[in-house]
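Observations on chain architecture
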Amino acid sequence: HNFEVRPGDRVNGYVLITSPNTVGTSISVRTTTVRVVCANTMALANMSGMGQTHYRQTHMGEFDVAAAKEAIGNAHEQLAQAERNARILDKLKISASDAITKVLAPVFFPEVVEEGPEAVQSLMLPDSQPRKMTEILTSIVESPGNREIAGTGWAVLNGVTHWADHVSGRTQSARLNRSWFGDTGKQKIEVEQKLLELAS
């Protein structure tokens, strides 16, 4: 399932299958999207769909083709939901300060949020910003395709995705692993959820 959020801003849907040959790791089948203007990826785990779209099993057992097919049987619907979400986020107007205080701070700096509003305000000051926040904000403004959608929830999500897939971490393979299966993948999902909550 492929779609355009705006003319030229195309998102393609894929099924991602990984089979690491390491004891203790799992074969994994899931849907993922690639935003063509940036070639960034976003593990698809909408609030209602992660359990239905994802299949995992250990190397010790025989690959269960029927279970894998059932698990990704809803892939088209999940990608259609991703399209609906993208269109909602494209219409969501959000200021830089709201993006920081209502989305980025709770996801990336929950310990700062616990300190109170003054501590959160410090995340907006370039002199006191943690490096991670500076990098994320730079990606929101400067990542490919984002200038045309500036000031929207879609720009925030794609900026966070760009940061996770192209900036954070030391190597590209580490970034992709974290983005598909680790902490930054979960953070992208949390950012999307918070943006959708703001839109509703």
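Preceding block: the structure.
Residues numbered from 1 in each chain as written. Predicted model: local features only at pLDDT ≥ 70, side-chain atom pairs only at ≥ 80, totals over all residues. Heavy atoms only, no water.

On a plain count of helices and strands, the protein chain comes out with 10 helices and five strands. Taking 2.2 N^0.38 as the reference for a compact globule, 200 residues should give roughly 16 Å; the C-alpha atoms of the protein chain span a radius of gyration of 17 Å, in line with that estimate. Seen along its three principal axes, the alpha-carbon backbone of the protein chain occupies a region of about 55 × 40 × 30 Å. Of all 200 residues assigned to the protein chain, the portion counted as buried reaches 47%. Taking the contacts inside the protein chain whose residues are at least 6 apart along the sequence as the reference set, 59% of them involve residues at least 24 apart. (Helix = DSSP H or I, 4+ residues; strand = E, 2+ residues; numbered from the N terminus. Rg over C-alpha atoms; globule rule 2.2 N^0.38 Å. Buried < 20%, exposed > 50% of the residue type's maximum accessible area, 1.4 Å probe, protein only. Contact = heavy atoms within 4.5 Å.)

With respect to the secondary-structure elements, G13 resides in strand β2 (residues 9-18). Measuring from C-alpha to C-alpha, the distance between G13 and T32 comes to 5.9 Å, with 19 residues separating the pair along the chain. Aside from chain neighbours lying at most four places away, what touches G13 is H1, N2, T32 and L79.

Here the focus is the environment of P110. Of note, P110 is situated in helix α5 (residues 110-115). Along the primary structure P110 and V120 are separated by 10 residues, whereas in three dimensions their C-alpha atoms are 9.5 Å apart.

All right, on to the nonpolar core then. L104, F108, W154, V191 and L195 are the most contacted members of the largest nonpolar core, which totals 35 residues. Breaking this core down by element, the ones donating at least two residues are β1 (3-6), α3 (75-91), α4 (96-108), α6 (117-122), α7 (131-142), α8 (153-167) and α10 (183-199). In contact with L104, not counting residues within four places along its chain, are A99, F109, M133, I136, L137, I140 and V160. (Core = buried A, V, L, I, M, F, W, Y, C linked by side-chain atoms within 4.5 Å.)

Once that is clear, we can look at the pairing of strand β5 (residues 55-58). Here β5 shows a buried face lined by Y55 and Q57 and an unburied face lined by R56 and T58. Both strand β3 (residues 26-35) and β5 contribute to a ladder of four bridges, which runs antiparallel. Among the inter-strand pairings, V29 is bridged to a residue of β5, identified as Y55. (Pairing = 2+ DSSP bridges.)

Looking now at the layout of surface pockets. Here the largest pocket defines a volume of roughly 230 Å³. Around the largest pocket, the lining comprises 15 residues; the ones closest to its centre are A96, I140, V141, G151 and V156. Broken down by class, the residue content of the lining of the largest pocket amounts to 10 nonpolar, four polar and one charged. (1 Å grid on protein atoms, 1.4 Å probe; cavity = no way out; pocket = protein on both sides within 12 Å on 5 of 7 lines; lining within 4 Å. Points joined across faces, edges and corners; volume = space filled by probe spheres on them. Nonpolar A, V, L, I, M, F, W, Y, C, P; charged D, E, K, R; others polar.)

Along the polypeptide, Q187 turns up in helix α10. Those residues in contact with Q187, other than ones at most four positions away along the chain, are V107, F108 and W163.

Moving on: empty space enclosed by the protein. Overall, the coordinates contain two cavities of 30 Å³ or more when judged by the stated rule. A volume near 50 Å³ is recorded for the largest cavity. Around the largest cavity sit F3, V11, T33, M42, A82, N85, A86, L89, W154, L157 and E192, which together line it. If you list the elements that add at least two residues to the lining of the largest cavity, you get α3 and α8. Along the lines of polarity and charge, the residues of the lining of the largest cavity split into eight nonpolar, two polar and one charged. Within this model, the second largest cavity holds a volume of roughly 40 Å³. Along its surface, the second largest cavity is lined by V11, T33, V34, R35, N40, T41, M42, N158 and T161. Going through the elements one at a time, β3, β4 (40-43) and α8 are the ones with two or more residues in the lining of the second largest cavity. Taken together, the residues of the lining of the second largest cavity sort by class into three nonpolar, five polar and one charged.

Scope: geometric values only; no functional claims are made or implied.
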